[in-house]
Structures are given as C-alpha cells and as structure tokens.
Amino acid sequence: LTDVTGVQTCALPIYAFTSIQMHETIGRKAGLSGTDHKYLGFIIQKGQMTAGELAILTGLTTGAVTSLIDRFEQKGLVKRELDKNDRRKIIIIPNTKKITSILEPLYREFQNDTENLIASFTSEELKFLETYFKKYLKLMDDTINNLNAI
C-alpha cells in the first residue's frame, strides 16, 4: 500500500499482525493466551490495583476481569487482598518474581535484539520514531475514546 504522499505504508498492518502473533506465541509458551499475556503486562506495568481499576484500564467488563483474575490466581501470578480501607474492594497484587521468571526467558533474545536494533539508528532517526509513535499513540487513544463515547 502507498499513501497519498507516495510513502509505503504496508509495513504498518504487517507490524500489528506480527506483534499479535508474537505475543500469542509468547503467551502460549508461558501457559497463557495472547490476550491474558498482554493483560498480565498491564498488571506488571501498573502494579497493584483494584479489579475496577483493571476493568477501566483494559476496557473489560467487571465480570471478564473477575475471570481473568481467577485464571491468574490459579497460576499463582497474582493474589487478591481486601482493601484495608474499604473491604468491598479487592486489590490485585502481582507476583512479580514469578511472572518475571516465566516471561523473562521468553523475551530475553527479543529484548537483546531490540536493543541492538535501537542502537543502529542515528539520533535523528530515533527522534523521528519517537515523534511518530507519540502521535500514533495519541491517534489510537483518540480512536478508543471516540468509540467508547458512542
């Protein structure tokens, strides 16, 4: 595909599809589905949170979040604790050590290769990539917000 400026854009959808395939493969090797693997990434990145906060972050229903937490808890990846200030709330606490021990070996080579790839770019190329991804993330966030408002 070529956009109106003549720039090749066919790599963008292929990037997205390949990213999904890679994460699905990593998830499967870790004993998770690809989507569970990515939702576990939210929990690792954000740290402990309530089930409601995870529902807002992921866009999942509270029922789907309960099932997700059940699956993670059965594997020892998270634990539930009652909020000390509001016993109606459940805090999800990641078992970061276990999660890291499962995922780090699966990502090690990819992480090293990614660091080498980034090191191969000039500072101007890195600045361009940073600008592109910031704008693209805003575009995706705006699309999510617009669709959620319908």
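Scroll up to find the structure this text is about.
Attention here is on the structure that accompanies the text. (Residues numbered from 1 in each chain as written. Predicted model: local features only at pLDDT ≥ 70, side-chain atom pairs only at ≥ 80, totals over all residues. Heavy atoms only, no water.)

Attention now moves to helix α1 (residues 11–29). The periodicity of an α-helix, 3.6 residues per turn, causes residues three or four positions apart to be oriented the same way. With 19 residues, α1 should cover 27 Å at 1.5 Å per step; its first-to-last C-alpha distance of 26 Å lies within 8% of that length. Turning to α1, its buried residues number three or more, namely H23, I26 and G27. The arc enclosing the buried residues of α1, seen along the axis, measures out at 100°, which places them on a common side. Opposite the buried face of α1, by more than 90 degrees, sit the exposed residues A11, F17, Q21, R28 and K29. Buried residues along α1 sit against α2 (34–46) and α5 (96–119). Taken from the residues just after α1, G31 is the one with a positive phi, measuring 85°. (Helix = DSSP H or I, 4+ residues; strand = E, 2+ residues; numbered from the N terminus. Expected span 1.5 Å × (residues − 1). Buried < 20%, exposed > 50% of the residue type's maximum accessible area, 1.4 Å probe, protein only. Arc of directions from axis to C-beta. Contact = heavy atoms within 4.5 Å.)

Right, let's get into the pattern of salt bridges. Following the criterion strictly, the structure yields nine salt bridges and no others. With its nearest N and O atoms 3.3 Å apart, the salt bridge here joins E81 to K79. A residue is classified by how much of its surface remains accessible, and E81, at 30% relative accessible area, is partly exposed. For R88, the salt bridge identified is with D86, shortest N-O distance 2.9 Å. (Salt bridge = Lys/Arg side-chain N within 4 Å of Asp/Glu carboxyl O.)

What follows covers the packing of aromatic side chains. Applying the stated criterion across every chain yields a total of three aromatic pairs. Ring geometry for Y132 and F133: centres 5.1 Å apart, planes at 75°, overall edge-to-face. Judged by its relative accessible area of 26%, Y132 is partly exposed. (Phe/Tyr/Trp six-rings, centres within 6.5 Å; stacked < 30°, edge-to-face > 60°.)

Turning to the packing of helix α3 (residues 51–58) against helix α4 (residues 62–74), a few remarks are in order. Contact geometry for α3 and α4: axes closest at 9 Å, N-to-C directions at 110°. In terms of orientation, α3 lies roughly perpendicular with respect to α4. Our pair here, α3 against α4, has a crossing hand that is right-handed. Of the residues in α4, those in contact with A51, L54, A55 and T58 of α3 are T62, V65, L68 and I69. (Axes fitted to C-alpha atoms, helices over the stretch in contact; angles between N-to-C directions. Parallel < 35°, antiparallel > 145°, perpendicular 65-115°, else oblique. Left-handed = near helix turned anticlockwise from the far one by under 90°.)

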